[in-house]
Amino acid sequence: MTIEVIFWTQIASIIGFVVALFILYRLLVEQKDATIQLQKENIAYLKDQLTEAKSQSPDVLAQKLASRVKLFEDEVKRLDEDKTSTQEQIKAKEAELSRAREEAEELTKKVLHARELLSDFLCPHCGAPLAERAYHSESVEYQGREIDVDHEYTAFECGYEIIDGEIKGKCKNSVAKTST
Ligand SMILES: [Zn+2]
């Protein structure tokens, strides 16, 4: 093999290497762009979900239902007072009203259920939110054997504290309430 052949083979392999590197780089950039695009879409989707959740929150729903019930009640009253309205019209309105009431009752049940689920995270006295919940276990010697003892610490923003099921801190809000 002449020097010249070796030289050109080396040049070719260097060019090949650079081309491969460039392709790899392009691929990576494209992948990154795709990932960013995907993230953007995810964020947009989550924002939509959040807006929807906000408009569907129990409070907003309850308000909507309450105003609907009020509207129906007014209408039934108006129809009742209006001597020209027929019995059928009144009956139809009353049926609508009772449907709206049922919906409102259903919603109240759901809200109560949600509160029940949340109760673990709220002070049982005043409803203040959970400030801290920590678990830790320690090894103690018991009758010559090593056993793990689990400790649970729960604290609420109002000062109510529970350590291993025992009340260690009082709820400031309920103390204030009972003293006044
Ligand atoms: Zn409390």
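Scroll up to find the structure this text is about.
All residue numbers here refer to positions counted from 1 along the written sequence of the relevant chain. Totals for whole chains, interfaces and linings use all residues, but because this is a predicted model, local features are given only for residues with pLDDT of at least 70 and pairs of side-chain atoms are given and counted only at 80 or more. Processing note: side-chain calculations cover all non-hydrogen atoms of the structure and skip hydrogens and water entirely.

S.K.: What exactly am I supposed to notice about the overall build of the protein chain here?
M.R.: A count of helices and strands for the protein chain gives four helices and four strands. Each helix corresponds to a stretch of at least 4 residues labelled H or I by DSSP, and each strand to a stretch of at least 2 residues labelled E; elements are numbered beginning at the N terminus. Across the protein chain, helices and strands are ordered from the amino to the carboxyl terminus as α-α-α-β-β-β-β-α. Within the span of the protein chain, comprising 180 residues, buried residues form 12% of the whole. Carbon and sulfur atoms make up 59% of the accessible area of the protein chain, which totals about 14900 Å². When accessible area is computed with a 1.4 Å probe and restricted to protein chains, residues below 20% of their type maximum are described as buried, those above 50% as exposed, and intermediate ones as partly exposed. All accessibility values rest on the Shrake-Rupley procedure with a 1.4 Å probe; residue burial counts only the protein chains present in the view.

S.K.: What is the right way to look at the coordination of the zinc ion in this model?
M.R.: Where a metal carries four tetrahedral donors, each ideal angle is 109.5 degrees; where it carries six octahedral donors, the ideal angles are 90 or 180 degrees. Ligating atoms shown are N, O and S within 2.8 Å of the metal, or 3.2 Å for Na, K and Ca, and water is not included, meaning a site may look less than complete. Coordination of the zinc ion by the protein is provided by Cys-123 (SG), Cys-126 (SG), Cys-158 (SG) and Cys-171 (SG), with metal-donor distances spanning 2.2 to 2.3 Å. Four donors are marked tetrahedral only if all angles between them lie between 85 and 135 degrees, whereas four are marked square planar and six octahedral if opposite donors are more than 155 degrees apart and the other angles lie between 65 and 115; the remainder are marked irregular. Around the zinc ion, the four donor atoms sit at angles spanning 106 to 116°, and that spread fits a shape best called tetrahedral. We note that the donor set of the zinc ion lies within a single chain, spaced as C-x2-C-x31-C-x12-C. Note that Cys-126 is positioned in the loop between helix H3 (87–118) and strand S1 (130–142) and Cys-158 in the loop between strand S2 (145–156) and strand S3 (161–163), a separation of 32 residues in sequence. Exposure remark for Cys-158: the relative accessible area of 5% places this residue in the buried category.

S.K.: Quick question: what am I supposed to make of the sheet that holds S1 here?
M.R.: The strands making up a sheet associate through hydrogen bonds between their backbones, and the pairing can be parallel or antiparallel. Two strands pair if DSSP finds at least two bridges between them. Reading across the sheet, the four strands line up as S1-S2-S3-S4 and stay open at both edges, with antiparallel pairing between neighbours. At either margin of the open sheet sits one strand with a lone partner, and together these are S1 and strand S4 (166–169). The sheet shows a mean angle of 20° between the axes of neighbouring strands, direction not considered. Note on geometry: axes are lines fitted to C-alpha atoms, helical ones only across the stretch in contact, with angles between N-to-C directions running from 0 to 180 degrees.

S.K.: Which parts of the structure should I look at to understand the pattern of salt bridges?
M.R.: Two side chains that carry opposite charge are able to pair once their charged atoms sit near each other. The rule for a salt bridge is simple: a side-chain nitrogen of Lys or Arg has to be within 4 Å of a carboxyl oxygen of Asp or Glu. Following the criterion strictly, the structure yields two salt bridges and no others. Among the ionic pairs, Glu-166 bridges to Lys-168, the shortest N-O distance being 3.7 Å.

S.K.: Can you help me understand the nonpolar core in this one?
M.R.: For soluble globular proteins, the rule of thumb is that nonpolar side chains tend to be buried together. In this structure, Cys-123, Ala-128, Phe-156, Cys-158, Tyr-160 and Cys-171 together form the largest nonpolar core, which totals six residues. Counting residues in hydrophobic clusters, the runner-up holds five residues, among them Val-69, Phe-72, Leu-97 and Ala-100. Put simply, a nonpolar core is a bunch of buried Ala, Val, Leu, Ile, Met, Phe, Trp, Tyr and Cys residues held in one set by side-chain atoms that sit within 4.5 Å of each other.

S.K.: How should I be thinking about a negative patch on the surface in this particular structure?
M.R.: Together, Glu-141, Glu-146, Asp-148, Asp-150 and Asp-164 make up a region of like negative charge exposed at the surface. Here the negative patch takes three residues from S2, the largest share from any one element. With respect to the helices and strands, Asp-150 occurs in strand S2. The patches reported here contain residues having more than 30% relative accessible area and no salt bridge. Joining distances are 9 Å for like charges and 5 Å for nonpolar side chains (Val, Leu, Ile, Met, Phe, Trp, Tyr). Positive residues here are Lys and Arg, negative ones are Asp and Glu, while His and the chain termini are left out of the count. Each charge is placed at NZ for Lys, CZ for Arg, CG for Asp and CD for Glu.

S.K.: What am I meant to see in the pairing of S2 here?
M.R.: One face of the sheet, then the other: side chains in a regular strand alternate in exactly this way. Judged from the twelve bridges that link them, S1 and S2 form a sheet pairing that is antiparallel. Bridge pairing in S2 links Ala-134 to Tyr-153. Turn length for the S1-S2 hairpin, with the two strands adjacent in sequence and antiparallel, is two residues, and the turn residue Gln-143 shows positive phi of about 50°. Bridge analysis of S2 against S3 gives three bridges, and the strand direction is antiparallel. Pairing of Thr-154 across the sheet is with Ile-162, part of S3. Where S2 folds back onto S3 in an antiparallel hairpin, the turn is made up of four residues, including Gly-159, whose phi is positive at roughly 105°.

S.K.: Teacher, can you tell me more about the packing of aromatic side chains here?
M.R.: Centres within 6.5 Å are what make two rings of Phe, Tyr or Trp a pair, Trp counting through its six-membered ring; a difference in plane orientation under 30 degrees is then read as stacked, over 60 as edge-to-face, and the rest as tilted. Within this structure, the stated rule accounts for one aromatic pair. The positively charged end of Arg-133 is found above the aromatic ring belonging to Phe-121, 5.8 Å away from the centroid. A ring has a charge above it when a Lys NZ or an Arg CZ is no more than 6 Å from the ring centre and no more than 35 degrees off the ring normal.

S.K.: How do you make sense of a nonpolar patch on the surface when you look at a structure like this?
M.R.: Together, Ile-15, Val-19, Phe-22, Ile-23, Leu-24, Tyr-25, Leu-27 and Leu-28 give the surface a local cluster of nonpolar side chains, amounting to about 830 Å² of exposed area. Of note, Leu-28 is situated in helix H1 (residues 3–55).

S.K.: What exactly am I supposed to notice about the side chain of Thr-154 here?
M.R.: Turning to its location among the elements, Thr-154 is positioned in strand S2. A residue is classified by how much of its surface remains accessible, and Thr-154, at 5% relative accessible area, is buried. Contacts were defined at the residue level, with two residues in contact if any of their heavy atoms lie within 4.5 Å. Excluding residues that lie within four positions of it along the chain, Thr-154 makes contacts with Leu-130, Glu-132, Arg-133, Tyr-160, Glu-161 and Ile-162.

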